[in-house]
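Residue strings, one per chain:
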Amino acid sequence: MAQDTQSESRKLLQRLRDALAEDSAGQERLDKITHLIATSMGAEVCSIYLFRDQDTLELCATEGLKKDAVHQTRMKVGEGLVGRVAKASKVINTDDAPSAKGFRYMPETGEEIFSSFCGIPVQRLGENLGVLVVQSKERRSFSPDEVYALEVVAMVLAEMTELGAFVGEGAAMSARHQQSVLLRGTSAQEGAAEGHVWLHEPRVVVTNPVADDPEVELVRLTEAVDELRVGVDKMLSGAVRGDKEQSEVLETYRMFANSKGWMRRMEQDIARGLSAEAAVEKEQSTARARMEQATDAYLRERLHDLDDLSNRLLRILTGQGAETGAEMPADPILIARNIGPGELLEYGRGLRGIVLEEGSVGSHAAIVARALAIPLVIHADRITTEALNGDHIMVDGDQGIVHLRPDDTVVTAFRDKIAMAAKAQERYASIRDKAATSTDGITIEMHMNAGLMADLPSLNSSGAEGVGLFRTELQFLVRNKMPKRTELAQLYSRVMEAANGKRVVFRTLDIGSDKVLPYMAPQDEPNPALGWRAVRVALDKPGVMRMQLQALLRAANGRALTVMFPFVAQYSEYRDAHAEVLKALERERILGHPLPEDIQIGAMLETPSLAFAPQKFFEEVDFLSIGGNDLKQFFFAADRENERVRRRYDTLNVSFLTFLEGIVNRCASTNTPVSFCGEDAGRPIEAICLAAMGLRILSMRPASIGPVKSLIRRTDLGALRAVIHEARERGEQSVRHSVMEFLRNSS
Ligand code: PEP
Ligand code: MG
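Residues numbered from 1 in each chain as written. Chains lettered and ligands numbered in written order. Predicted model: local features only at pLDDT ≥ 70, side-chain atom pairs only at ≥ 80, totals over all residues. Heavy atoms only, no water.

## A short note on the overall build of the protein
The following threshold applies: A helix here means a DSSP run of H or I that spans at least four residues, while a strand means a run of E at least two residues long, and both kinds are numbered starting from the N terminus. Contact between two residues is taken to exist if any of their heavy atoms lie within 4.5 Å; hydrogens are not considered.
The number of helices and strands found in the protein is 27 helices and 23 strands. Restricting the contact set of the protein to residue pairs at least 6 apart, pairs at least 24 apart contribute 67%.

Given below as structure tokens:
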């Protein structure tokens, strides 16, 4: 019996394929298909309902129901039996439809006379496209094998829908990939961008859902799975030793790749007439549907793994790699689940925007996106399944919103926003060469943060007076092996040349916490942000720091050099690091290399402890730079990477401002230059408050220099200081409200 059904369903699929190969299109084709299914299943009715919009299904073709109901009968998702199938993405199979829960009588179709109903969701990769329905007068329930055959047919239908085969004139079908979608994510780099989708890993297109010879398909599947297993084993043996997480993922891959159930289901699908790739995709579809419903994070992750594995298998089977021959649009917006910093750098500045399904604000990819000033939205759920290559897309990096295939009103509003931003840029360009002097005559030095050679041109375009923070770790992060001294020396030298005499503050390697080098054994630390990082690593294992210091001295080649140590928590750490610089200088002298004409050695103040260091520290250190990102997270004990708490405490909280004021005063007492180089320096409101607290040097992203300078030039910093002090006296927790009111009154 099972064998019979298999051959029946195969026969049905063959006929279906022949019908598709014929020269019909749109409605005619749909009609042919419903006729074919009804006769093959021995049922009076076969209908296809497709989504017209997100909540409405429309009868698009039928054999057996009244023809004039086609494109007239509609129902909401969840309404009637068809709507229930669509809503729950589950099969409904009943021999007594009129008594079934949710039955809705639709006189226009004449359906009350049919007692048996079998509705199958038409899905592709977990997304609902419509419902395939078979009905018969005879009171019978469709057998599991028949249901199975219908599911396979529904899948083939979905493939055809996806390929646009049904979209004939007049057919009011609207596949999900044609609808506009708004996705809310998290902002990781501000800015607005309009462009067209470029998928980092495009979906594999299955063009041959139905196969002639199951034997051939079985061999193809088996060979592909073997290749997959070998690949996974190789990855496992090549996994970074000690990286528990990576090995765990790969172990899961191996488990799936060897799973008998997975294989058996795919073999069954092939026996029923599907091609090997369609069988893989059917399994993937089921996993996706489960993924959408899984509430357990662990299970969801594992289903994600299965999804990845299916993609690999599909690539092996179809020979479609990342290269699908598609051409990158001129205005690409990159879409990916996640992406590494190296891959992102390869795309470079050509990208208009980036949208990631995962990622984190402090990830390396985000650091690179920020360095390249490309708007970035992360945590945009479902973006990789919703977007297709070439789709029109608008990315609002300020709000963390993505408009996919936006409709006209959104397009107009968004373009207005971009135009306004462009106008503002023109305004900023006009003050580029002017000083950031407040209305009461206080001048703030404006420097920029950098980390890549690609940042240096911004030194001129932004009007920055120097590089207040050069994050050297990016060069280490984007490689897969430790860079050589000569490579680094060349890079630093190019940076100094590009700076053309302006000061560049080179921060020594700041790794650990979220910045993990791919080629260094990861530390399994319970609390990495409070762990073995930055200068702690440098002092415990000084080899890399020594190499880096030497590279900096060689790059300076006699020019002035500024070096800064990150994450100094106590005086002795600065002293020890300082001693390393002296040692490096001595070594260079002995080797006969030119020594810098001047060398400034500073520290980042990123832990509250350093603010209370002995006076001698403040006297000794050449300069300090407040790393507000870290300092704030330790001051409030709120992880800067944790979405739940990272915005919980306002930078304009009086406790924090008072603390900063104290640091400024201590530095003033020893004449120690102090700057602020955390993200807050680039936020105009925060920046003027920092200036009001006495900070005279700010270092920020190049794109922020214009907006910050513009506001400083319109502000009376003395008056603002008074406003902040008064708010503090009144016991306000954050001075933001008072500051905003002050700005409104003074504009
Ligand atoms: C900071 O902590 O404020 C800082 C500038 O360093 P990073 O963001 O690289 O940790
Ligand atoms: Mg820091």
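## Observations concerning helix 27 (residues 736-746)
Quick reminder: α-helices carry 3.6 residues per turn. Residues three or four places apart thus point the same way. The following threshold applies: Note on exposure labels: buried denotes an accessible area under 20% of the residue type's maximum, exposed denotes more than 50%, and partly exposed covers the range between, all computed with a 1.4 Å probe on protein chains only. Working note: the arc is built from the helix axis to C-beta atom directions.
Of all the positions in helix 27, only Ser738, Val739, Phe742 and Leu743 are classed as buried. For helix 27, the angular spread of the buried residues around the axis is 135°, confining them to a single face. The outward face of helix 27, more than 90 degrees from its buried face, is lined by the exposed residues His737, Arg744 and Asn745. The inward-facing, buried residues of helix 27 contact helix 24 (684-692), helix 25 (702-712) and helix 26 (717-729).

## A closer look at the site of ligand 1
For clarity, the threshold we go by: We call a residue near a molecule or strand when any one of its heavy atoms sits within 4 Å of it. Polar contacts here mean pairs of N or O atoms no more than 3.5 Å apart (in protein, one a potential hydrogen donor and the other a potential acceptor; neighbouring residues in sequence count only if both atoms are side-chain atoms). Note on areas: Shrake-Rupley, 1.4 Å probe, and residue coverage restricted to the protein chains presented here. As a working rule, the residues Ala, Val, Leu, Ile, Met, Phe, Trp, Tyr, Cys and Pro are called nonpolar, Asp, Glu, Lys and Arg charged, and the rest polar, with Gly in that last group.
Inspection of the region around ligand 1 gives 14 residues, with Arg471, Arg507, Gly627, Asn629 and Arg640 positioned closest. Contact distances for ligand 1 include 3.3 Å between an oxygen atom and a backbone N or O atom of Gly627. Protein contacts shield 98% of the accessible area of ligand 1, which totals 290 Å² for the unbound molecule. Looking at the shell around ligand 1 element by element, the count peaks at 3 residues for helix 22 (residues 628-635). Counted by class, the shell around ligand 1 contains 3 nonpolar, 4 polar and 7 charged residues.

## A short note on the confidence of the model for the protein
Rules: Across the chain, each position has a pLDDT score giving the predictor's confidence in that residue, from 0 to 100.
When the pLDDT values of the protein are averaged, the result is 86; 88% of them are 70 or greater. In the model, residues 162-174 has pLDDT below 50 throughout and makes 32 contacts with residues more than four positions away in sequence or in other chains.

## What about the coordination of the magnesium ion (ligand 2)?
Condition: With water excluded from the atoms, a metal site may look incomplete; its donors are any N, O or S atoms within 2.8 Å, or within 3.2 Å for Na, K and Ca.
Protein coordination of the magnesium ion (ligand 2) is provided by Glu606 (OE) and Asp630 (OD), with donor distances spanning 2.0 to 2.1 Å. With a gap of 24 residues between them, Glu606 in the loop between strand 20 (599-605) and helix 20 (608-611) and Asp630 in helix 22 connect regions that are remote in the sequence. Pair check on accessibility: Glu606 and Asp630 agree, each one buried.

## Quick notes on the packing of helix 26 against helix 27
Here is the rule: All axes here are fitted lines through C-alpha atoms, helices being fitted over the stretch that makes contact, and every angle between N-to-C directions spans 0 to 180 degrees. Two helices crossing with the near one rotated counterclockwise from the far one by less than a right angle form a left-handed crossing, whereas a clockwise rotation gives a right-handed crossing.
Put simply, helix 26 and helix 27 touch, their axes get as near as 9 Å, and they point 145° apart. In the packing of helix 26 onto helix 27, the handedness of the crossing is right-handed. Counting all contacts with helix 26, which are made through Ala719, Leu720, Val723, Ile724 and Ala727, the residues of helix 27 involved are Ser738, Val739 and Phe742. Taken together, the residues of the contact of helix 26 with helix 27 sort by class into 7 nonpolar, 1 polar and no charged.

## Some points on the environment of Phe656
In this structure, Phe656 sits in helix 23 (residues 654-669). Using a relative accessible area of 0% as the deciding quantity, one classes Phe656 as buried. Sequence separation between Phe656 and Leu631 is 25 residues; the distance between their C-alpha atoms is 9.6 Å.

## Here we look at the sheet that holds strand 13 (residues 392-396)
Inclusion rule: The pairing criterion is simple: DSSP has to find at least two bridges between the two strands.
Pairing is mixed in the open sheet, where 8 strands are placed in the order 7-14-13-9-10-11-12-8. Strands with a single pairing partner mark the edges of an open sheet, and in this sheet they are strand 7 (181-184) and strand 8 (186-189). Averaged over all neighbouring strand pairs, the angle between strand axes comes to 30°, with direction disregarded. Sheet topology note: the strand 7/strand 14 (residues 401-404) ladder contains 4 bridges and is antiparallel. The residue of strand 14 that forms the bridge with Arg184 is Ile401. Seen against the sheet, helix 13 (residues 408-430) touches strand 9 (192-199), strand 13 and strand 14 and runs at an angle of roughly 50° to strand 13.

## Brief notes about the nonpolar core
Where we set the bar: Here, the term nonpolar core denotes a set of buried Ala, Val, Leu, Ile, Met, Phe, Trp, Tyr and Cys residues that are joined through side-chain atoms within 4.5 Å.
The biggest cluster of nonpolar side chains holds 117 residues, and the ones touching the most others in it are Phe565, Phe617, Leu624 and Leu698. Those residues in contact with Leu698 that sit more than four places away from it in its chain are Ile444, Glu445, Met446, His447, Phe676, Ala681, Ala687, Leu690 and Val708. In this structure, Leu16, Met41, Phe142 and Val210 belong to the second largest nonpolar core, which totals 36 residues.

## As for the pattern of salt bridges
When their charged atoms lie close together, side chains carrying opposite charge are able to pair. We apply this condition: Salt bridges are defined by distance alone: a side-chain nitrogen of Lys or Arg within 4 Å of a carboxyl oxygen of Asp or Glu.
Throughout the structure, instances matching the rule amount to 34 salt bridges. Residue Glu58 is joined to Arg74 by a salt bridge in which the shortest nitrogen-to-oxygen separation is 2.7 Å. On the criterion of sequence distance, the pair formed by Glu58 in strand 2 (residues 56-63) and Arg74 in strand 3 (residues 74-76) is long-range, its members being 16 residues apart. Of the residues examined, Glu58 reaches a relative accessible area of 0% and is grouped as buried. Overall, Arg74 belongs to the partly exposed group, its relative accessible area being 36%. Several salt bridges share partner residues, and in doing so they unite Arg382, Glu386, Asp391 and Arg405 into one network.

## Some details on unusual backbone geometry
Within the chain, His71 stands out as a residue other than glycine whose phi angle is a positive 65°. Within the secondary structure layout, His71 lies in the loop between strand 2 and strand 3. When its relative accessible area of 19% is taken as the criterion, His71 is described as buried. One non-glycine residue, Asn557, lies in the positive phi region at around 45°. Judged by its relative accessible area of 51%, Asn557 is exposed.

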